[in-house]
Structure formats: structure tokens, C-alpha cells
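Here are the chains, one letter per residue:
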Amino acid sequence: SLRQNFAATAADAELGPGRLLNDDGTRTEAGRFLQDLDSAFTAIFTLELLVNMFAHWFTPFFMDTWCLFDLFIVTMSLVSLGPIDLPTSILRCLRAFRVLRLFARIKAVRQILTALSKSLVPVFNAFLIMGIFTCIYAIMGVSFFRETAPDDFASFSLSFYAMFRVIAGETWVDSLPKDSEAGGLNAQAVVFVFSFIVVINWILLQVTVAVLLDQFISATATMDREEEEARLDEIKRKAQVQNTLDPLLEALTRDYVDEEDLTSRLEALFRVLDIDGSGEISFPELCSELKKLDFQPPIHLTDSDFAVITQRAVGEDGKIVSQLCNADGSLGPREFEQAMRKQVHLYAQRNLCNVISRKGAVTETEFAIMGVLKMMSYNQSRSAAVMERVHALLANQPP
């Protein structure tokens, strides 16, 4: 619709008032068609803006420059349809500017404009240096050529305008005499103009272009890096297996040194969660105390999470039993340590699998090492499960 709107605006400018308005000021058939077309485009753009505002309300919308630009253009378009009678020239400009909304849809164009906007300050500084040198030459021109070339150097403003014309591409100031009274070249004028061209056009202007390119490349590289980081963060977020205890497991996995240290940390955690000092942690108590821990996001344990952690299952007699809970369904110190050790081990396995599966995140050597670690971790899990079954069988045997 943006391209069609731009084509309609170009057609309106091409036809002009002579073909769009009758002698009495009313619109011709073509004028009415273009006006109706403009109203339809305004309605479409307004609907699109409302959907965008609804989807990104509040801060994401008003912090986005392109969204604010859309809001301005659509608002002015709606004003032009209302009781306020805007001049035709302003209306045409507003309609023409609508096509700039297309830039927000094209990623490459959006990157170019964003990089250019980030290059404005360094380029402005380079232009400021050029402006200072131009002013210096303008003052010199007034001092040297006020009498001989009053058309261009009678005042500072005229002199500055003459120097700007040289920057724009003129090779000589017309009012300056090229010949001296002796018949040769006017050395003063030649040195003045040529030195200005060398300093401004050949040196400072090239420096300005170099600064622009350097800042443009840096801004583009920064945007690409930010997009890549955002993409990796999104991949990392999606790759993580959602586990309620992940914030706690991450802290334990990162901080413990050896098995004894992990045991001491789990014992300290048990004492923190056992708020009543009964030596047992019930499910409601565990849920309540985990929420109080300083983790982001907060830990909200559900009954299904507790069932997974305590390995709840249906027994042979049809009753639901939890392998890591005592008779009344609570966790004692030993059961709590077993459950948390298993969760820490599973968390490490998940992270290892996530890193291996992430494309481009590891080298071939790292991939091979992590593959071996994954196999070792899997074998350790199987050995631990076998030992648990052996202990269970031995415990059930009669003396």
C-alpha cells in the first residue's frame, strides 16, 4: 500500500491543480478519485498504526523512532482530512513523506539509515572544521579583495557565499581578476583560490568522507554484533529446558567445589528452607520458602514439579508413592540431598546438551570433548541408578 500511495501522490503532483480542479474550485473526476484514494490509504495506515500501538503498548512503541514517525505522519494525514484546511503544498509533502515508512519494513535500508544517524555527530565535527576554515578564508577574501572584487568580497556574507560556491564545484570566483596589472597572473588571487581548493576540497572534504565511512562501518558492525547477541540470547533462552529450580541449580552448579562442598551447601540450604526446624520440609513449606529466595525469575514450585523432583510414581498396589519422600510425603535431610543432587546433575547435563546443539557455539575439538563428557555423565547416571536399586533391594531383604 505504501508503494501505491507514493504512485498516487506522484500522479497528483503530475496532474496539478489545472487537471484536478474545475474553474469553480470543485474537483474533477480525477481529483475526486485521487482524494478518495488518499482517504482509503489514510484509513489503512491508521488501522495499521492502531494495531502496532496495541501490540507494543506502551514503552516499546514510544521508544521506537520509526513508530513515532508513523504516528506523526498518520496524525497529520488525519488532520488534513478534518476541519483544518491545510495548504495544498503541505498536503503533498505529507503524502510524499509517507513512503519513508517503507524504510522501516526493509531491513537493509533501515540499517543504512540507522548507521547514518549514528554517524551524524563525528561528521558534524568534521563539517565544523570545514566551516571554520571557510570562515577564515572568507575573512581573508574581504581583507584582500574588497576593492578589486566587491561583487563577491564586499562583506563577510558575500565572501562566505563565494567560498561555498568553490566548495560546491566552481573552480574560480568570477569577480576575481586572473591577470595582474603587469600582464601576468594575479598571484595573490591564484594562491588564495588554489590554496582554498587544496585545503577544503582535497583535504578536509576527503577527511569528512573518511570519517563518515569509518563511523558508518563501525555503526554497521555494532548493529550486526547487537543483532547477533540478541539472536544468541534468544537461542539460549529457547534452548533452556524450563525447570522451576533452574535459578537455584545454576547457583549451586556454579559455586560448589567438590562433593563435600556440595553436601555442606545442600545442608545449609535445607536449614534455610526448614523454617520451623522440624527436620522435615513439606511441599507447602518448600513452595513458600523457595519464593523468598533472591532469584530472578522467582522460583514458583508446583505440585507437578515436586512430583518430578521426588520421583513420584504409581506403586504395584496402585498407590502413589514418592521414592525420595518419607512416609508422610515430606523431605528429610537425606532425601532432600538426594533429590537436589539429582537435579544438579540433570541441570549440568541439560546445559552440556544445549551447548553441543547450539550451532557455531563450539569448535570441533570442544564438541568432541563435550561429547565425551556427555557420555561420561550418562554412564554415571546409569551407575547411580543401578546403585540405588541395589541399595533398595538390600534394604528390603530380611535379616
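Bear in mind that the values here come from a model prediction, so they are computed numbers and not experimental data.

What counts, and where the lines are drawn
Residues numbered from 1 in each chain as written. Predicted model: local features only at pLDDT ≥ 70, side-chain atom pairs only at ≥ 80, totals over all residues. Heavy atoms only, no water. Helix = DSSP H or I, 4+ residues; strand = E, 2+ residues; numbered from the N terminus. Buried < 20%, exposed > 50% of the residue type's maximum accessible area, 1.4 Å probe, protein only. Areas by Shrake-Rupley, 256 points an atom, 1.4 Å probe, with all protein chains shown as cover. Core = buried A, V, L, I, M, F, W, Y, C linked by side-chain atoms within 4.5 Å. Contact = heavy atoms within 4.5 Å. Phe/Tyr/Trp six-rings, centres within 6.5 Å; stacked < 30°, edge-to-face > 60°. Salt bridge = Lys/Arg side-chain N within 4 Å of Asp/Glu carboxyl O. Expected span 1.5 Å × (residues − 1). Polar contact = N/O pair within 3.5 Å; in protein donor to acceptor, adjacent residues only side chain to side chain. pLDDT = per-residue confidence, 0-100. Axes fitted to C-alpha atoms, helices over the stretch in contact; angles between N-to-C directions. Left-handed = near helix turned anticlockwise from the far one by under 90°. Nonpolar A, V, L, I, M, F, W, Y, C, P; charged D, E, K, R; others polar. Patch = residues over 30% accessible without salt bridge, like charges linked within 9 Å, V, L, I, M, F, W, Y side chains within 5 Å.

Scanning the protein chain for helices and strands turns up 16 helices and two strands. Expressed as a percentage of its 399 residues, the buried residues of the protein chain come to 30%. Carbon and sulfur atoms provide 63% of the accessible area of the protein chain, an area that totals close to 25,400 Å².

Turning our eyes to something else, we now look at the nonpolar core. With 28 residues, the main nonpolar core has L245, L248 and L290 as its most contacted residues. Elements with a contribution of two residues or more to this core: helix 11 (246-255), helix 12 (259-273), helix 13 (283-292), helix 14 (303-309) and helix 15 (333-357). Excluding residues within four positions of it along the chain, L248 makes contact with L269, L290, F295, I299 and M340. Counting residues in hydrophobic clusters, the runner-up holds 20 residues, among them M130, A149, F153 and V190.

Before going further, it helps to examine the packing of aromatic side chains. Applying the stated criterion to the full structure yields twelve aromatic pairs. Ring geometry for W57 versus F62: centroids 5.7 Å apart, planes at 75°, classification edge-to-face. Judged by its relative accessible area of 53%, W57 falls in the exposed class. For F62, a relative accessible area of 29% gives the class partly exposed. Taken together, a centroid distance of 6.1 Å and an interplanar angle of 35° make the contact between F156 and F160 tilted. Of the two residues, F156 and F160 both sit in helix 9 (residues 156-168), four residues apart, roughly one turn of that helix. By relative accessible area, which is 38% here, F156 ends up partly exposed. With a relative accessible area of 30%, F160 lands in the partly exposed category. Three or more aromatic residues joined by ring pairs make a cluster, and in this case those are Y137, F144, F145, F153, F192 and F196.

Moving on to the pattern of salt bridges. Enumeration over the complete set of coordinates arrives at eight salt bridges. Among the ionic pairs, D255 bridges to R254, the shortest N-O distance being 3.5 Å. The class for D255 is partly exposed, based on a relative accessible area of 34%. For R254, a relative accessible area of 55% gives the class exposed. Between R341 and E259 there is a salt bridge; the shortest N-O distance is 2.3 Å. Remark: E259 occurs in helix 12 and R341 occurs in helix 15; sequence separation between them is 82 residues.

Let us now look at helix 12. For helix 12, built from 15 residues, the straight-helix expectation of 21 Å at 1.5 Å per residue is met to within 8% by its first-to-last C-alpha distance of 21 Å. When helix 12 is considered as a whole, its buried residues turn out to be D261, L262, T263, L266, L269, F270 and L273. Its side-chain oxygen at 3.3 Å from the backbone nitrogen of E260, D258 defines the N-terminal cap of helix 12.

Looking now at the confidence of the model for the protein chain. Overall, the predicted model of the protein chain reaches an average pLDDT of 79, with 78% of residues at or above 70. Across the protein chain, element-level confidence peaks in helix 9 with a mean pLDDT of 93 and bottoms out in helix 16 (residues 364-396) with 61.

Where helix 11 contacts helix 12, the two axes come as close as 10 Å, and the packing angle between them is 145°. Seen from above, helix 11 lies across helix 12 with right-handed handedness. Contacts from L248, L252 and D255 of helix 11 reach helix 12 at D261, R265, L266 and L269. Its residues assigned to classes, the contact of helix 11 with helix 12 shows four nonpolar, no polar and three charged.

Okay, the environment of L213 next. Along the chain, L213 falls in helix 10 (residues 187-239). For the pair L213 and V123, spaced 90 residues apart in sequence, the C-alpha to C-alpha distance is 9.6 Å.

Our next topic: a nonpolar patch on the surface. There is a patch of nonpolar side chains on the surface, built from F124, L128, I129, I132, F133 and I136 and spanning about 550 Å² of accessible area. Within the secondary structure, L128 is located in helix 7 (residues 120-145).

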